[in-house]
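Take a look at the letters that make up each chain.
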Amino acid sequence: MNRKIIKKVLLYISTNRFLRHAFSLLPSKAKEDMKIAMKKVVNFLPEKKPQINQEQVKFPGIKNQKELVSIILPVYNHSEYLSLAVESVLNQTYKNFELIIVDDGSDEHLLDQLRKFLNDKRVRYIRQEHAGLPIALNTGFSVAQGEFLSWTSADNIMGKTNIEQLVYTLEKNHEKTFVYADYRIIDEHGQHYTQSSFRIQNQSAIDSSIIELPDDDFLLSRVHDNFIGPSFLYKRFMSVIGNYNDSIGVEDYDYWIRGNEFFSFTHLGQPASYYQYRVHSDSLSAKAKELKIAEKARQTLERVKERRLFLKKEVSIFIQLSGTDLENELRRGLKKWSTNSSSASANKRSVAVFDFNTVLQQEIEDWDKVIVLVSNTDRLFEQKNRVQYDWIYVTFDEPSYHVMRNMALTVFFIAEVSQFPSVVCAISATLFDTCSRYGRIEYETISKLMIQCTSDSEKLQRFCDRLLSFGHAVHRNYQEDKGEIIVFDVYIHDQHIVSNHLVNNILFFVDTSDFFADWAGHMDTAVYVCTDAAYVQQLLKKGVSSRNIYLIDEITADSTRRLEIILASIARRQSS
């Protein structure tokens, strides 16, 4: 018996449902003793697996980095490692990406730490009220524009070629939708974490920091073991399965299982540069016992059976397509998951699949889900009145896909016709997996603000100095077309300014009662920032909406951040 066989035995033990349950009932001391014993068994046998020099692992690379990759980075505090995590994304050899940082209502002022990255046009910062990791992911992916999607953690480090190699794998394997890769574990200090009990069965060699994942994803939805790991990428159309579920407690495992039910996964194996996963006292893996992750994973597997039964028994899929061959192929493909129907069923949830020609020829019933296949967009423009924004559109034609994206439709591009049945069933399954929550966004910035401050107010000048220190561009004198936001400390009703559409991006800084001397009626879209509560009362009496009035009395870092949020909201309104 050699080490390879022993590792297979350990893998079986770690993935056997009954043995895992029995293991979970043991006291913590007994668990650790058993892990040490398993390591000793493996150490007793000679190592026969050749060690591969990572520098020898090469791949052709991607010369034409055409497709945009969206990377979501949710963060809640964790400022200690955040800069390293962001820098590891910005240093990727694959340059065509957007990094969307979602601050989940952190107690710390993370924006101050992130300002140095916000001049990079690929970086976007969103702050939401604290709602948890799944909701932060949903918020991030709701604004993502990429054809490939992934997310990373604020305490982990991406290998330099990580994204490029994952994209290359999916582009080379058109029939695959999701790719995951081996990774390295590091400790709190960023050192290779050897001699650990972290996923012993997957360590490339005993006490190694390299975690080698299974090549076959067969066991993912059959035993409660979330082995996918932190290094992964998937095609945009896999997001038809819906949002991350905030009621499960193992949102990533639940998402992988839902995706794996309908789409094909592949394993990259040893990458040219490893993603580094930090194992420390605050990581989810360290908190597994406290969060009862094993039990939640078991419940997630139970949902697999319930979902399959739901699709078979509770959902009917009605199909009416102009192309007979495509319709027959779709019907055959759906048999694996669901039943077809010739009409809506009173006692079942109903999903309808049409092509746009059919939509033009008849009135569409009240279905739970409507999926419309579009071959080209010519008739779509001719018959815009038949376009419904709550329908889901699918196309095999890439130019049509981009046109419909620009029309703000929910549309997915599928390169392989054989994947159409999977997409239809995955959409149908969202009737079972109803995960619709998003975060309440408090603040969002894409780049630095362009601000004009036309004022002699000492307090406003100090605010401007702080805004400059925050990295924004502040101009002291009024020049037409020289800023996104115009700040005045006197009331103006200059028709030249108003006629040049600047009325939508005006902020009045009310720092003295003299402001009201030339009052000639309020502007509905202007924003008023007051330094005294008395000025707030005067504005209210003059009919200004309370939604447009803010009170900032002291010049502190916190109050400047509040002003910054107000300015950013004005800039977003002006750009829209």
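## Notes on the overall build of the chain
At step 1: Of the regular secondary structure elements, the chain holds 19 helices and 23 strands.
At step 2: When burial is assessed residue by residue, the chain has 51% of its 576 residues classed as buried.

## Structural notes on the pattern of salt bridges
At step 1: Applying the stated criterion across every chain, the model contains 15 salt bridges.
At step 2: The salt bridge involving Arg 308 is made with Glu 261; its shortest N-O contact spans 2.7 Å. Taken together, the residues span a long stretch of sequence, with Arg 308 in helix 10 (residues 293-313) and Glu 261 in helix 8 (residues 251-262) at a distance of 47 residues.
At step 3: Within the structure, one salt-bridge network assembled from shared partners comprises Asp 254, Arg 258, Arg 303, Arg 307 and Asp 433.

## Section: the packing of helix 8 against helix 10
Describing two packed helices takes the angle between their axes plus the distance from one axis to the other.
At step 1: Between helix 8 and helix 10, the least distance of the axes is 10 Å, while the angle of their chain directions is 35°. Remark: the crossing between helix 8 and helix 10 carries right-handed chirality. For the pair helix 8 and helix 10, the contacting residues are Tyr 253, Asp 254, Ile 257, Arg 258, Glu 261 and Phe 262 in the first and Ala 297, Thr 300, Leu 301, Arg 303, Val 304, Arg 307, Arg 308 and Leu 311 in the second.
At step 2: Residue composition of the contact of helix 8 with helix 10, grouped by class: seven nonpolar, one polar and six charged.

## Focus on the confidence of the model for the chain
At step 1: Averaged over all residues, the pLDDT of the chain is 81; the fraction at 70 or higher stands at 79%.
At step 2: By mean pLDDT, the top-scoring element of the chain is strand 4 (residues 148-151) (98), and the lowest-scoring one is helix 17 (residues 495-499) (48).
At step 3: With pLDDT under 50 throughout, residues 498-502 is counted as low confidence; its partners more than four residues away or in other chains account for five contacts.

## Describing the environment of Pro 230
At step 1: Take Pro 230: it is sitting in the loop between strand 7 (210-211) and strand 8 (232-235).
At step 2: Sequence spacing of Pro 230 and Ala 181 is 49 residues, and the spatial spacing of their C-alpha atoms is 8.2 Å.
At step 3: The residues contacting Pro 230, other than those within four sequence positions of it, are Trp 151, Asn 156, Tyr 183, Tyr 275 and Tyr 277.

## Structural notes on the environment of Val 123
At step 1: Within the secondary structure, Val 123 is located in strand 3 (residues 123-128).
At step 2: Residue Val 123 is classed as buried on the basis of its relative accessible area, which comes to 1%.
At step 3: Spatially, the C-alpha atoms of Val 123 and Ile 71 are 9.8 Å apart, while their sequence positions differ by 52 residues.

Rules and cut-offs
Residues numbered from 1 in each chain as written. Predicted model: local features only at pLDDT ≥ 70, side-chain atom pairs only at ≥ 80, totals over all residues. Heavy atoms only, no water. Helix = DSSP H or I, 4+ residues; strand = E, 2+ residues; numbered from the N terminus. Buried < 20%, exposed > 50% of the residue type's maximum accessible area, 1.4 Å probe, protein only. Salt bridge = Lys/Arg side-chain N within 4 Å of Asp/Glu carboxyl O. Axes fitted to C-alpha atoms, helices over the stretch in contact; angles between N-to-C directions. Left-handed = near helix turned anticlockwise from the far one by under 90°. Contact = heavy atoms within 4.5 Å. Nonpolar A, V, L, I, M, F, W, Y, C, P; charged D, E, K, R; others polar. pLDDT = per-residue confidence, 0-100.

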